[in-house]
Amino acid sequence: GAGVSQSPSNKVTEKGKDVELRCDPISGHTALYWYRQSLGQGLEFLIYFQGNSAPDKSGLPSDRFSAERTGGSVSTLTIQRTQQEDSAVYLCASSFVGGPSTDTQYFGPGTRLTVL
Amino acid sequence: AQSVTQLDSHVSVSEGTPVLLRCNYSSSYSPSLFWYVQHPNKGLQLLLKYTSAATLVKGINGFEAEFKKSETSFHLTKPSAHMSDAAEYFCVVGLDGGSQGNLIFGKGTKLSVKP
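Let me sum up the structure you'll find in this document. The shown structure was predicted, so the numbers you read here are calculated from the model rather than taken from an experiment.

With that settled, consider the pairing of strand 9 (residues 73–78) of chain B. Looking down a regular strand, the side chains alternate between one sheet face and the other. All names here are of chain B. Summarising the sheet, strand 3 (residues 19–21) and strand 9 pair through three bridges and their orientation is antiparallel. From the neighbouring strand, Leu20 faces strand 9, where its bridge partner is Thr77. In terms of strand pairing, strand 8 (residues 64–68) meets strand 9 through five bridges, oriented antiparallel. Within strand 9, the residue paired with Ala65 across the bridge is Leu76. Remark: four residues form the turn of the hairpin made by strand 8 and strand 9, two consecutive strands paired antiparallel; Thr72 in that turn has positive phi of roughly 45°.

What follows is the structure in structure tokens.
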């Protein structure tokens, strides 16, 4: 079946503009995650949605970052008033939460954000 | 608290020789452990996963990893490297114990394969 998809694949924006990044998880997956991968920084957890529960926003770096997940499926990550340090690859992952052990996360190809 | 350390930032091998990518973890309970691979300009792909069943886990593309609790290690190996194995590899520990939270990623090991 189809994997996790993300759009756009690349986004170039000017400092101060808002951007929206989209993630379509694998159908039937109940959990959705956003990560940021910066050069030399590794992967950084941003936010996690699980079913109808309140999202875990503990990784969001500032209040300029927000995310929502509509209908338990598609998610949008919004960055307001972008800064140059927001430049990174933003990765989305989804998983099916079904047991006591950590479920495998399947990653999308990412959105490369460049803030000029 | 969980953490993961990849001991080498860069490993270089010749094609046809064995690969060893080292990973140590720290976890207060039995962890879930993963290896992911990321080829240039591609997304992360799951290589293999350990979840307290067999300690030797076989993954895709001939890779395997052995969970050694006494050494808190989960090293990734392959008997014979192929040029297509050149990529960045991430060792990952999962937040467990009933919490369905996020993954903790190592800093990554870049594998180069020389002809």
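Turning next to the side chain of B:Lys78. All names here are of chain B. With respect to the helices and strands, the residue Lys78 is situated in strand 9. For Lys78, a relative accessible area of 10% corresponds to the buried category. Residues within four places of Lys78 in sequence aside, it is in contact with Pro18, Val19, Asn61, Gly62, Phe63 and Asp85.

Right, let's talk about the layout of surface pockets for a bit. Roughly 810 Å³ of volume is contained in the largest pocket. Of all the secondary-structure elements, those providing two or more residues to the lining of the largest pocket are strand 4 (31–38), strand 8 (88–95) and strand 10 (111–115) of chain A together with strand 10 (87–94) and strand 12 (109–114) of chain B. Considering each element in turn, the lining of the largest pocket owes the most residues, four residues, to strand 10 of chain A. The class makeup of the residues in the lining of the largest pocket is 10 nonpolar, 16 polar and five charged.

This brings us to the packing of aromatic side chains. All chains considered together, the criterion is met by 14 aromatic pairs over all chains. Considering the side-chain rings of A:Tyr33 and A:Tyr48, the 4.8 Å spacing of their centres and the 20° angle between planes classify their relative orientation as stacked. Of the two residues, A:Tyr33 is situated in strand 4 and A:Tyr48 in strand 5 (residues 42–50); the sequence distance between them amounts to 15 residues. For the pair shown, A:Tyr33 and A:Tyr48 are each scored as buried. Grouped by ring-pair contacts, the aromatic residues A:Tyr33, A:Tyr35, A:Phe45, A:Tyr48, A:Phe107, B:Phe34, B:Tyr36, B:Phe90 and B:Phe105 constitute a single cluster.

Attention now goes to the environment of B:Ser30. All names here are of chain B. Residue placement: Ser30 occurs in the loop between strand 4 (23–26) and strand 5 (32–38). Relative accessible area serves as the criterion here: at 41%, Ser30 is assigned to the partly exposed category. Ser30 sits 22 residues away from Ser52 along the chain, and the two C-alpha atoms are 7.3 Å apart.

The next point concerns the state of the cysteines. Residues and elements named next belong to chain A. A complete count under the given rule lists two disulfides over all chains for this structure. Note that Cys23 is cross-linked by a disulfide to Cys92, the S-S spacing being 1.8 Å. Linking Cys23 and Cys92, the disulfide has an S-S dihedral of approximately -65° and is accordingly described as left-handed. Here Cys23, found in strand 3 (residues 19–24), pairs with Cys92, found in strand 8; they are 69 residues apart in sequence, far enough to count as distant. The exposure classification of Cys23 matches that of Cys92, with both residues buried.

Formed by 26 residues in total, the largest nonpolar core has its most connected members in B:Trp35, B:Phe74, B:Leu76 and B:Tyr89. Here the element with the most residues in this core is strand 10 of chain B; it accounts for four residues. The next biggest cluster of nonpolar side chains, apart from the first, holds 20 residues, and it includes A:Leu21, A:Leu77, A:Ala88 and A:Tyr90.

What follows covers the environment of A:Gln80. Residue and element names in this part refer to chain A. Locating Gln80 in the fold gives a position in the loop between strand 7 (75–79) and strand 8. Relative accessible area serves as the criterion here: at 31%, Gln80 is assigned to the partly exposed category. Between the alpha carbons of Gln80 and Ser66 there is a distance of 8.4 Å; along the sequence they are 14 residues apart. Residues in contact with Gln80, not counting those within four places in the same chain, are Lys17, Asp18, Asp63 and Arg64.

Thresholds, definitions, all that
Residues numbered from 1 in each chain as written. Chains lettered and ligands numbered in written order. Predicted model: local features only at pLDDT ≥ 70, side-chain atom pairs only at ≥ 80, totals over all residues. Heavy atoms only, no water. Pairing = 2+ DSSP bridges. Helix = DSSP H or I, 4+ residues; strand = E, 2+ residues; numbered from the N terminus. Buried < 20%, exposed > 50% of the residue type's maximum accessible area, 1.4 Å probe, protein only. Contact = heavy atoms within 4.5 Å. 1 Å grid on protein atoms, 1.4 Å probe; cavity = no way out; pocket = protein on both sides within 12 Å on 5 of 7 lines; lining within 4 Å. Points joined across faces, edges and corners; volume = space filled by probe spheres on them. Nonpolar A, V, L, I, M, F, W, Y, C, P; charged D, E, K, R; others polar. Phe/Tyr/Trp six-rings, centres within 6.5 Å; stacked < 30°, edge-to-face > 60°. Disulfide = S-S within 2.5 Å. Core = buried A, V, L, I, M, F, W, Y, C linked by side-chain atoms within 4.5 Å.

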